[in-house]
Amino acid sequence: MAQGADRSILVTGGAGFIGSHTVVALAAAGFRPVIIDDFSNSQQRVLDGLRDILGYDVPCYVQDCNDRAILPGLFQRENICGVIHFAAFKAVGESMEEPLRYYRNNLGSLMTLLEVMLETGVSDLIFSSSCTVYGEPETLPVAETAPVQPAASVYGNTKQICEEMLRDTAAAGKPLRCIALRYFNPVGAHPTAKIGELPLGTPNNLVPYITQTAAGIRPQMTIFGDDYPTPDGTCIRDFIHVMDLAEAHVAALRALQQLGADAHSHYDVLNAGTGRGHSVLELVRLFGEASGQRLNYRIGPRRAGDITAVYADVSKIQSQLGWSARRSLREALEDAWRWEEHLKQ
Ligand code: UFG
């Protein structure tokens, strides 16, 4: 249980998919989450869902975390002692069409936040990074020591540059203690179905597309390519239950707090995945079993920019944080389906 002054954690993008689940995990661990979110990719219903789960209103600032003027006051008023920074644009395709908007938002918000953290003496930061930094890995499972590949998208590049910004700030001896978590593919929803993924418009990601098809919102889903050099020809990913991923943030935060007052500057990157790879076709079949729904799908051409296979080497996060994913993919798909059904109500 977190104690007194170590409790209030600013969660930027806390009304988003991973952010909202992390708010629940933080509260369960005794922290006091405070959200800042501009609701550009979220809805009021997330806050309602959080209230239903937690039994109280989570403090929420409806603001852009690029807004330098408001942050110092917020830090002071809410007694913030650590930050989890989710707020970012994340659509790969859109990032190629609107590069400057992505660079300004994703790099600008981290720079602003870092400046305010250094100014106000808040040192502990968990940053949302992505397995996209590995590109197509040469060896699997992929470890943190694998080379970072040239980014395939502007979105991916913003994650790489943010990692460098954090690394360089800590290397300069600034009072920053940061863990960047490289997420694999988060799926699922909270088991109560009170919060889950809320894609804007047509989903880009696999599981929301599947659940919307099963719910009749989309007539059919397409598996993008079955001619990859994998056992069943479809791509392989490391699908992690969003609540497991949320709990990884809490474990990372605790690890930073346990560094003690002597540890002034710290930067590390950790893979946040399950360590297991599942193919797209396996996931589609497992969804059918988990939901009892017949999914209308077809095999289509490959999607530009997709990599063949990626899944995490999780030995570093297990040994450093004592954390590992404990929910099954089937459970994640059951939760995702329950959430989709809840949305209809
Ligand atoms: N897929 C389909 N049909 C769909 C949607 C996806 O077959 O309708 C396939 C994709 O081709 C891919 C797999 O399902 O093989 C997973 O696709 P997602 O879009 O769900 O996830 P990605 O692995 O492409 O994306 C993830 C993160 C991004 C990150 C990206 C970088 O969601 O944030 O990895 O590779 F940028």
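To be clear, the structure that these remarks concern was listed above.
This report concerns the structure included in the present document. Please read all numbers here as calculations on a predicted model, not as lab measurements. Along each chain, residues carry numbers from 1 onward, in the same order as the chain's sequence is written. Confidence filtering applies because this is a predicted model: local features only for residues at pLDDT of at least 70, side-chain atom pairs given and counted only at 80 or more, and all residues used for totals across whole chains, interfaces and linings. Side-chain numbers here rest on the full set of heavy atoms in the structure, without hydrogens or water.

**Re the environment of Leu245**
Defined as follows: Numbering of helices and strands starts at the N terminus; helices are DSSP runs of H or I of at least 4 residues and strands are runs of E of at least 2. Should any heavy atoms of two residues lie within 4.5 Å, those residues are counted as being in contact.
Mapped onto the elements, Leu245 comes out in helix 8 (residues 242-257). Those residues in contact with Leu245, other than ones at most four positions away along the chain, are Ile18, Tyr183, Pro186, Ile240 and Ala272.

**As for the packing of aromatic side chains**
Spelled out, the test is: A pair of aromatic rings is counted whenever rings of Phe, Tyr or Trp (Trp by its six-membered ring) have centres within 6.5 Å, and the orientation is called stacked for planes under 30 degrees apart, edge-to-face for over 60 and tilted otherwise. Accessibility here uses a 1.4 Å probe with only protein chains present; expressed as a share of the type maximum, an area under 20% marks a residue as buried, one over 50% as exposed, and anything in between as partly exposed. Both a distance and an angle decide whether a charge sits over a ring: NZ of Lys or CZ of Arg must be within 6 Å of the ring centre and within 35 degrees of the ring normal.
By the definition in use, this model includes 3 aromatic pairs. Consider the rings of Phe89 and Tyr102, whose centres lie 5.3 Å apart with planes at 55°: the pair is tilted. With Phe89 in the loop between strand 4 (82-85) and helix 4 (92-97) and Tyr102 in helix 5 (residues 99-120), this residue pair connects regions lying 13 residues apart in the sequence. The same class applies to Phe89 and to Tyr102, which are both buried. Note that Arg302 overlies the ring of Tyr228, its terminal NZ or CZ placed 3.9 Å from the centroid.

**As for helix 9 (residues 280-291)**
Structurally, the α-helix is built with 3.6 residues per turn, so residues lying three or four positions apart point the same way. Just so we agree on the cut-off: One less than the number of residues in a helix, times 1.5 Å, gives the span that helix is expected to have.
In this model, helix 9 (12 residues) spans 16 Å end to end at C-alpha, consistent with the 16 Å of a helix rising 1.5 Å per residue. Here helix 9 has its buried residues at Val280, Leu281, Leu283, Val284, Leu286, Phe287, Ala290 and Ser291. Along its buried surface, helix 9 packs onto helix 7 (206-214), strand 8 (221-224), strand 10 (239-241), strand 12 (278-279), strand 13 (297-300) and helix 11 (329-344). Just past helix 9, the residue Gly292 takes up positive phi, approximately 75°.

**A word on empty space enclosed by the protein**
The following threshold applies: Every definition here rests on a 1 Å grid over the protein atoms only: cavities are sets of points where a 1.4 Å probe fits but cannot get out, pockets are open sets enclosed by protein on both sides within 12 Å along at least five of seven lines, and lining residues have some atom within 4 Å of a point. Grid points are joined across faces, edges and corners, and a volume is the space filled by probe spheres set on the points. Ten residues, namely Ala, Val, Leu, Ile, Met, Phe, Trp, Tyr, Cys and Pro, are considered nonpolar, four, namely Asp, Glu, Lys and Arg, are considered charged, and the remaining ones, Gly among them, are considered polar.
Counted under the stated rule, the structure contains 2 cavities of 30 Å³ or more. The calculated volume of the largest cavity comes to roughly 90 Å³. Forming the boundary of the largest cavity are Gly188, Glu197, Pro199, Val207, Pro208, Thr211, Gln212, Ala336, Trp339, Glu340 and Leu343. Looking at the lining of the largest cavity, the elements that each hand over two or more residues are helix 7 and helix 11. Partitioning the lining of the largest cavity into residue classes produces 6 nonpolar, 3 polar and 2 charged. Taken as a whole, the second largest cavity holds about 30 Å³ of empty space. Contributing to the lining of the second largest cavity are His85, Ala87, Ala88, Asn106, Phe127, Thr158, Lys159 and Cys162. With 3 residues, helix 6 (residues 154-171) is the largest single contributor of residues to the lining of the second largest cavity. Of the residues in the lining of the second largest cavity, the class split is 4 nonpolar, 3 polar and 1 charged.

**Focus: the site of the ligand**
Our working definition: We call a residue near a molecule or strand whenever a single non-hydrogen atom of that residue lies within 4 Å of it. Counting of polar contacts relies on pairs of N or O atoms within 3.5 Å, with two restrictions inside protein: one atom must be capable of donating a hydrogen and the other of accepting it, and residues adjacent in sequence are counted only when both atoms are side-chain atoms. Using the Shrake-Rupley algorithm and a 1.4 Å probe, accessible areas are obtained, with residue cover drawn only from the displayed protein chains.
As a matter of local geometry, the ligand sits amid 17 residues, with Leu206, Thr222, Phe224, Arg237 and Asp306 nearest to it. Note that an oxygen atom of the ligand is positioned 2.9 Å from one of the side-chain N or O atoms of Arg303. Asp306 is positioned such that a nitrogen or oxygen atom in its side chain is 2.4 Å from an oxygen atom of the ligand. Surface burial for the ligand is 87%, taken as the share of its 680 Å² of free accessible area covered by protein chains. Only helix 7 and strand 8 provide two or more residues apiece to the shell around the ligand. Of the residues belonging to the shell around the ligand, the class tally is 9 nonpolar, 5 polar and 3 charged.

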